[in-house]
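Residue-level listing of the chains:
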Amino acid sequence: MLIIKAIKVMTKTELKKQQVKNVINHLIEEYDAYNIDREAQYIEFWADIDGFEIQLQMDTRDYSVASWDSVKLAGDGWKKEEINKQVAAAILEERIDQSVRELLAS
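Residues numbered from 1 in each chain as written. Predicted model: local features only at pLDDT ≥ 70, side-chain atom pairs only at ≥ 80, totals over all residues. Heavy atoms only, no water.

Chemist: What is the right way to look at a nonpolar patch on the surface in this model?
Modeler: Judged by side-chain polarity, Trp78, Ile83, Val87 and Ile91 come together as a nonpolar surface patch covering roughly 310 Å² of accessible area. Within the element layout of this structure, Ile83 appears in helix H2 (residues 80-105). What makes Ile83 partly exposed here is its relative accessible area of 34%. (Patch = residues over 30% accessible without salt bridge, like charges linked within 9 Å, V, L, I, M, F, W, Y side chains within 5 Å. Areas by Shrake-Rupley, 256 points an atom, 1.4 Å probe, with all protein chains shown as cover. Salt bridge = Lys/Arg side-chain N within 4 Å of Asp/Glu carboxyl O. Helix = DSSP H or I, 4+ residues; strand = E, 2+ residues; numbered from the N terminus. Buried < 20%, exposed > 50% of the residue type's maximum accessible area, 1.4 Å probe, protein only.)

If you want it as structure tokens, here you go:
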């Protein structure tokens, strides 16, 4: 008896869609990401850390993560809460970036 099995080969587009879906699920599961919005190659989302709500953006071309809240504060006159939010956002951005890279490498 001859058994022939068909092998499903995914196109690059199908692979990319699956990868993006996996990354979004990872953001939800690991960082409780919410208000997720996909526009073109960008995924915009929110995540909380240390009591701060941080808005982030991920570029699906290279999966880099960025947040305006993580931009280093220059000059004097910043409130303690603003400084703490910047530090928390930078930490969150780095954590997400590292965990997504690990996810994609596995």
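From this point on, the discussion continues.
Chemist: Just checking my understanding: could you explain the pairing of strand E2 (residues 42-49) for this structure?
Modeler: On any regular strand, side chains alternate: one points to one face of the sheet, the next to the other face. Of the two faces of E2, the one lined by Ile43, Phe45, Ala47 and Ile49 is fully buried and the one lined by Tyr42, Glu44, Trp46 and Asp48 carries no buried residue. Counting the residues that bridge the hairpin from strand E1 (residues 34-39) to E2 gives two residues, and of these Ala40 lies at a positive phi of roughly 55°. (Pairing = 2+ DSSP bridges.)

Chemist: I would appreciate a short explanation of the pattern of salt bridges in the present structure.
Modeler: Any two side chains of opposite charge can pair, given that their charged atoms come close. Scanning all chains against the criterion turns up three salt bridges. The shortest N-O distance in the salt bridge between Asp69 and Lys85 comes to 4.0 Å. Highlighted residues: Asp69 in the loop between strand E4 (64-66) and H2 and Lys85 in helix H2, separated in sequence by 16 residues. A salt bridge links Asp97 to Arg101; the shortest N-O distance between them is 3.3 Å. Of this pair, Asp97 and Arg101 both sit in helix H2, four residues apart, which is roughly one turn of that helix. Residue Arg101 is classed as partly exposed on the basis of its relative accessible area of 37%.

Chemist: Please clarify how the sheet that holds E1 should be interpreted in this entry.
Modeler: Sheet strands line up and pair through hydrogen bonds in the backbone, either parallel or antiparallel. One open sheet accounts for four strands, arranged E1-E2-E3-E4; its pairing is antiparallel. The open sheet has two edge strands with one neighbour each: E1 and E4. Strand-to-strand, the axes of this sheet are offset by a mean angle of 25°, without reference to chain direction. Of the pairings in the sheet, the one linking strand E3 (residues 52-59) to E4 comprises three bridges and is antiparallel in character. Each residue of the ladder has a partner; that of Gln57, found in E4, is Ala66. (Axes fitted to C-alpha atoms, helices over the stretch in contact; angles between N-to-C directions.)

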